[in-house]
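An overview of the molecular structure
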Amino acid sequence: MQTSASYFMSNKELIEKLNGGLAWELRAAALYSHYSAYVKGIHRLHLKPFFDEEASESHMHAEAVRLAIVKLGGVAVTNRDSTEIVHTTDYNIMLDESLKTEQKAAEGYAQVLSLIKDDEEMYDSIEQIYFQELRSVEEVTQLL
Ligand SMILES: [Fe+2]
């Protein structure tokens, strides 16, 4: 167990990365709910449930990340990442934007995982999210 200032330094960095992940999940939830509302035509049949599921997955991820921040004594962000959510009714653009969103989420969690030390429970919880992001990347790639 580290007791030096570096322990608090690394916690600070971890909290910042987790907050980045949380803000990204809040953005993802908004993006998927938006696309769920606007997806049109025959593809709505499959893509509306898909976007709805991704939105609720993002809420679950946000909840888990928020709990990790609380556990570390940090203050969780309440605003979404400000990266633009591209409005469109073209499902191809929706899927492209979804892919970019999931890829960036996976990258962020890979960084978070490298910073978690001495907390197996937190590591496992973030790792599960990381694997789900990778699965989503795979799924959207196949849809494109
Ligand atoms: Fe997520």
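Residues numbered from 1 in each chain as written. Predicted model: local features only at pLDDT ≥ 70, side-chain atom pairs only at ≥ 80, totals over all residues.

1. Some remarks on the packing of helix α3 (residues 91–115) against helix α4 (residues 120–143)
At their nearest, the axes of α3 and α4 sit 9 Å apart, and the two run at 155° to each other. Classified by the angle between their axes, α3 and α4 sit roughly antiparallel to one another. In this structure, α3 crosses over α4, and the sense of that crossing is left-handed. Residue-level inspection shows L95, S98, L99, E102, Q103, A105, A106, Y109, A110, V112 and L113 of α3 in contact with α4, the latter providing Y123, I126, E127, I129, Y130, E133, L134, S136, V137, V140, T141 and L143. In terms of residue class, the contact of α3 with α4 is made up of 16 nonpolar, 4 polar and 3 charged. (Axes fitted to C-alpha atoms, helices over the stretch in contact; angles between N-to-C directions. Helix = DSSP H or I, 4+ residues; strand = E, 2+ residues; numbered from the N terminus. Parallel < 35°, antiparallel > 145°, perpendicular 65-115°, else oblique. Left-handed = near helix turned anticlockwise from the far one by under 90°. Contact = placed C-beta atoms within 7 Å. Nonpolar A, V, L, I, M, F, W, Y, C, P; charged D, E, K, R; others polar.)

2. Regarding the confidence of the model for the protein chain
Per-residue pLDDT for the protein chain averages 94, and the proportion of residues at 70 or more is 94%. Confidence, read as mean pLDDT per element, is least for helix α1 (residues 5–38) in the protein chain (91) and greatest for helix α2 (residues 44–71) (98). (pLDDT = per-residue confidence, 0-100.)

3. Side note on α4
With 24 residues, α4 ought to run about 34 Å at 1.5 Å a step, and its terminal C-alpha atoms sit 35 Å apart, in line with that. For α4, the complete set of buried residues consists of M122, I126, I129, Y130, E133, S136 and V140. Residues of α4 that are buried sit in contact with α2 and α3. (Expected span 1.5 Å × (residues − 1). Buried ≥ 20, exposed ≤ 12 C-beta atoms within 10 Å, placed from the backbone.)

4. Focus on α2
The end-to-end C-alpha distance of α2 is 40 Å, a good match for the 40 Å that 28 residues give at a rise of 1.5 Å each. Every buried residue of α2 is listed here: L47, F50, F51, E54, S58, H61, A62, V65, R66 and A68. Trailing α2 by a residue or two, G73 shows a phi angle of about 80°, which is positive.

5. A short note on the packing of α2 against α4
Taken N-terminus to C-terminus, the directions of α2 and α4 make an angle of 155°; their axes are 11 Å apart at the nearest point. Between α2 and α4, the angle falls in the class roughly antiparallel. When you trace α2 past α4, the crossing you get is left-handed. Between α2 and α4, the contacting residues are E54, E57, H61, A64, A68 and K71 on the first element and M122, S125, I126, I129, Q132 and S136 on the second. For the contact of α2 with α4, the class distribution of residues is 5 nonpolar, 4 polar and 3 charged.

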